[in-house]
Each structure stands twice: as C-alpha cells, then as structure tokens.
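# Structural description and commentary
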Amino acid sequence: MIGRAAQGKFTALVLGRHRLLIAQSDLRSLEAADDVDSKAPPQGGVGWIAAGSDYWPVYALDDELQPSCAPARPRRACALLSRGDKLFGVLCDDLQFLQHAAPTLYPLPAVMALPQTPLRGVVAWGDQRAALTSAEALASHLGAI
Amino acid sequence: MTAAWVLDFGSGLRAAVGEQHQVHLAYQPQDVFELPLTPRHARHAILWNDMCVPVLDLGAWLTQGSASTEQHTLGVYWVPGRPGDSMRFGALWLAKPPQRRLVDDSMAADLPAMPQRWAQISCSCFTDAAGAVPVLDLALVFAEPSGQPAVAVAQHSVVALAEPA
C-alpha cells in the first residue's frame, strides 16, 4: 500500500543501530539512566525511576530490541513514556525529535509482522527510515506492569 | 509454452516465477534498510514506488540457516492477492540475475524432497538441464508469518504459472 503523510509529531528512541518511532504525545520526559534505581527491579525490568510522586518501572532492550534484564550495552538515557495514567521507562541512547520533518507512514508488510509485534508501521523522512510503535504496544512487548 | 523467470538464491537453491510477476531488478541496491523485531529472513525492506516492500532472504528461510552472503541482486515481484485488493509487491535477494526459460507441462516434475519448506511455498515444479525448479506461489511466500502454512499444496499445471491469479 502506498505511503501517506503521517499526522502529528514523532520522536525516535535511538537504540544502537535501530530507532523506534513513537508519537511525541506518548513521551512524558527524558531522564538520565543514572537516576534509575536498580534495587529490587520489577519482573522483566531493570529498575525504577521517580516521576511526580511515584516510582515507575524501567525496562531495557537488547541490540535486537528484545526485552532484556541485563542489556549488553549501557544506555545513558531513560525515556519516560505514558500509557493512560501509567508511566514506564525505556533505556535508550538518545532521543531524536522530528520537529521539522515531514514523515511518510507506510503499513508494515504482512510478512514482516511477527505475532504480537509492537511495530505499527514504517516511517520515512529524508533519507532516514524507522519502525513505528506506540507506548501501549511497547509496554505489551516489554511486559510492563 | 510459457515464460518463467528462474531465480537463483545461491547454495544450489533455485525457483521460478511467472514472467509477469517480475517488475524490477537492482544490482547491489543501496537503499535497503533493516527493521528490528521482524522474522530473521524478512529483516529488510525498500521504499519502491512509494510503497514499503519487504525484502526476503528465501535461501535462509528454506534452509533455516543464517543470512546468505552471496546474494547481491534484488528482484521485485508482483504478489497476487484477492480481487479488489490493492497491488502488492515483494522483493527477493538473489545470487544471480534471473534467467528466462520457456516451459510447458512436459517439463512437470515432483518438488525436491529437500529443503522440505519448498512444499509450503510452491504451487508446481518443472525440470530444466540443471534439475528441479519449484514454481513459487508468491502469495504464500509473502504471507504473514502467523498465516496457515500450505502444507498440502495442490500441484498445478506448470503452464499455470503464467496465468494471472
């Protein structure tokens, strides 16, 4: 199917050689990975981070973007994402804000869609390409509580 | 007689598609990109004619092995769908540029026993001087991974490979 202009603003979570695009409205804040408290991490997660008056679970992805309690690569940032009234953190290298880009959204080809895939499409802007996801889909992928 | 393109995936793996399915060839394409969280044989895609087209390593899928390193050519193929569906395309990594062959029913043959996965994606088979050549059902090749595998594939006429679905 043909691509169409993507509505809204997007942010790319930079994870090694991969980027995961989310709607900017799914992003609550960017925190330092050093602020993650790794004592008694949640199941499947790597720690907790404080935001507002609560602590929220933090998760990590390996280089293939599979959930990992012990990622081989240290990440320096923690993207705090919102799904409804709950938050969760994802360790990442950087965030890239697509403020002035005019991205085009393409459906994910059927043969590339694994069961329960968190990918929602493919986004292109300039000479860059990335997979599109959402905070909700990423939370399911991570098993976020 | 009807015309087919014979595709070489390397490691002795060959298959054919109807002549009308092949729509584009590229040698060492520079604009292939990788998507994470995708099947191992379907990690790459290209943007082609304003569509996101998956690029499959069919050799790796057939042998359940690692990604092939000898594939430098990329073929883009029209994938038949149901009536009313929008046009769909898929791409395959190839070890060599495709070869055009004229085939007829006198060349019909059984599918090779190995790799066993030929049976999941082939609709018929013929032989040429170099051996058996399964005919790909491209709708099965580019079906979503959770789709029902076509284990019991009907053997169609070899000539049927040139007929639009």
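Being a predicted model, the structure only gives us computed values, none of them experimental.

Looking now at the sheet that holds strand β8 (residues 86-92) of chain A. All names here are of chain A. Across the sheet, which stays open at both edges, the 5 strands sit in the order β4-β7-β8-β6-β5 with mixed pairing between neighbours. Strands at the two margins of the open sheet, each flanked by one partner only, are β4 (27-32) and β5 (47-51). Neighbour-to-neighbour, the strand axes of this sheet turn through a mean angle of 35°, independent of strand direction. As paired elements, strand β6 (residues 54-59) and β8 share 2 bridges and run parallel to each other. The partner of Val-58 across the bridge, within β8, is Gly-89. Each of β6, β7 (77-83) and β8 touches helix α1 (residues 135-142); the most contacted strand, β8, lies at about 75° to it.

So, about the sheet that holds strand β9 (residues 94-97) of chain A. Reading across the sheet, the 7 strands line up as β1-β10-β11-β12-β3-β2-β9 (chain A) and stay open at both edges, with mixed pairing between neighbours. Edge positions in the open sheet fall to β1 (4-5) and β9 of chain A, since each of these has one partner strand only.

Once that is clear, we can look at unusual backbone geometry. Here B:Met114 and B:Pro115 are connected by a cis peptide whose omega angle stands at -10°. Topologically, B:Pro115 is positioned in the loop between β9 (99-103) and α2 (118-121). One non-glycine residue, A:Leu65, lies in positive phi territory at about 65°. With respect to the helices and strands, A:Leu65 occurs in the loop between β6 and β7. According to the relative accessible area criterion, A:Leu65 is buried, its value standing at 0%.

In this section: the pattern of salt bridges. In this structure the tally under the stated criterion is 12 salt bridges over all chains. Two residues, A:Asp94 and A:Arg76, come together in a salt bridge whose shortest N-O distance is 2.7 Å. Placement of A:Asp94 in strand β9 and of A:Arg76 in the loop between β6 and β7 is noted, with a sequence separation of 18 residues between them. Residue classification places A:Arg76 among the exposed positions, given a relative accessible area of 58%. When the shortest N-O distance is used, the salt bridge between A:Arg83 and A:Glu136 registers 3.9 Å. Taken together, the residues A:Arg83 in strand β7 and A:Glu136 in helix α1 connect sequence positions 53 residues apart. Residue classification places A:Arg83 among the buried residues on the basis of a relative accessible area of 18%. Among the charged side chains, a network of salt bridges with common partners joins A:Arg17, A:Glu64, B:Glu34 and B:Arg43.

Counting 55 residues, the largest nonpolar core has A:Phe88, B:Phe9, B:Leu92 and B:Leu136 as the members making the most contacts within it. Among the elements that line this core, the one with the most residues is α1(A), at 4 residues. Not counting chain neighbours up to four residues away, the residues in contact with B:Leu136 comprise B:Leu7, B:Phe9, B:Ala15, B:Ala16, B:Val17, B:Leu58, B:Leu92, B:Trp118, B:Ile121, B:Ser122, B:Cys123 and B:Val141. The next biggest cluster of nonpolar side chains, apart from the first, holds 12 residues, and it includes A:Val36, A:Val46, A:Ala51 and A:Cys78.

If you add up the space inside the largest pocket, you get close to 630 Å³. The wall of the largest pocket is formed by 26 residues, among which A:Ala110, B:Val79, B:Asp85, B:Ser86 and B:Arg88 lie closest to the centre. Counting residues per element, the ones that place at least two in the lining of the largest pocket are β6 (51-56), β7 (73-79), β8 (88-94) and α3 (138-141) of chain B. When residues of the lining of the largest pocket are assigned to their parent elements, the largest contribution, 4 residues, is made by β6(B). Its residues assigned to classes, the lining of the largest pocket comprises 20 nonpolar, 2 polar and 4 charged.

Rules and cut-offs
- Residues numbered from 1 in each chain as written.
- Chains lettered and ligands numbered in written order.
- Predicted model: local features only at pLDDT ≥ 70, side-chain atom pairs only at ≥ 80, totals over all residues.
- Heavy atoms only, no water.
- Pairing = 2+ DSSP bridges.
- Helix = DSSP H or I, 4+ residues; strand = E, 2+ residues; numbered from the N terminus.
- Axes fitted to C-alpha atoms, helices over the stretch in contact; angles between N-to-C directions.
- Contact = heavy atoms within 4.5 Å.
- Buried < 20%, exposed > 50% of the residue type's maximum accessible area, 1.4 Å probe, protein only.
- Salt bridge = Lys/Arg side-chain N within 4 Å of Asp/Glu carboxyl O.
- Core = buried A, V, L, I, M, F, W, Y, C linked by side-chain atoms within 4.5 Å.
- 1 Å grid on protein atoms, 1.4 Å probe; cavity = no way out; pocket = protein on both sides within 12 Å on 5 of 7 lines; lining within 4 Å.
- Points joined across faces, edges and corners; volume = space filled by probe spheres on them.
- Nonpolar A, V, L, I, M, F, W, Y, C, P; charged D, E, K, R; others polar.

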